[in-house]
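This is what each chain is made of:
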Amino acid sequence: TTCYGQTSLFGPPPSSITSSSGNNTKEVEDLTRENQRLRESVRKAAIEKRAMQEKVNSIVTDQGQSTSIKVLRERNAALKKEVERLSSKLRKYVKPKVTRVEL
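Residues numbered from 1 in each chain as written. Predicted model: local features only at pLDDT ≥ 70, side-chain atom pairs only at ≥ 80, totals over all residues. Heavy atoms only, no water.

### Quick word on the overall build of the protein chain
Along the protein chain, the regular secondary structure elements total one helix and two strands. Ordered by position in the sequence, the α and β elements of the protein chain form the string β-β-α. Expressed as a percentage of its 103 residues, the buried residues of the protein chain come to 2%. Working note: accessible area of the protein chain is about 9,800 Å², and carbon and sulfur atoms make up 57% of it. (Helix = DSSP H or I, 4+ residues; strand = E, 2+ residues; numbered from the N terminus. Buried < 20%, exposed > 50% of the residue type's maximum accessible area, 1.4 Å probe, protein only. Areas by Shrake-Rupley, 256 points an atom, 1.4 Å probe, with all protein chains shown as cover.)

Encoded structure:
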């Protein structure tokens, strides 16, 4: 059988097990039910593991993005300072032109 695209390590479901004796039949049925509960537990654990892995991947990705964002903000701040510095130098040498007239 397969679970999430992977072959099950537990083999076929226990419903194919049969016994000829009455006591053995009850024991087989009890073991079958326990086996099914254990399979369900493993399935739920696999789902939980996948969800946790997705959360970890999301956190790692977010940290990488926040680092990139931080670097970009620092670069933007440095560029703004450079633009202000060059603009102030330019204003010293160039007379301001009238670009807008209000009435």
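So, next bit.
### Concerning the pattern of salt bridges
Pairing between side chains becomes possible if they bear opposite charge and their charged atoms approach one another. For the coordinates displayed, the defined rule picks out four salt bridges. With a closest N to O distance of 2.6 Å, D30 and R33 form a salt bridge. Of this pair, D30 and R33 both sit in helix α1 (residues 22-93), three residues apart, which is roughly one turn of the helix. With relative accessibility at 41%, the residue R33 sits in the partly exposed group. Each of the salt bridges in this network shares a partner with another, and the network as a whole consists of K26, D30 and R33. (Salt bridge = Lys/Arg side-chain N within 4 Å of Asp/Glu carboxyl O.)

### Here's the deal with a nonpolar patch on the surface
On the surface, L90, Y93 and V94 cluster together to form a nonpolar patch covering roughly 380 Å² of accessible area. Take L90: it is sitting in helix α1. For L90, a relative accessible area of 53% translates into the label exposed. (Patch = residues over 30% accessible without salt bridge, like charges linked within 9 Å, V, L, I, M, F, W, Y side chains within 5 Å.)

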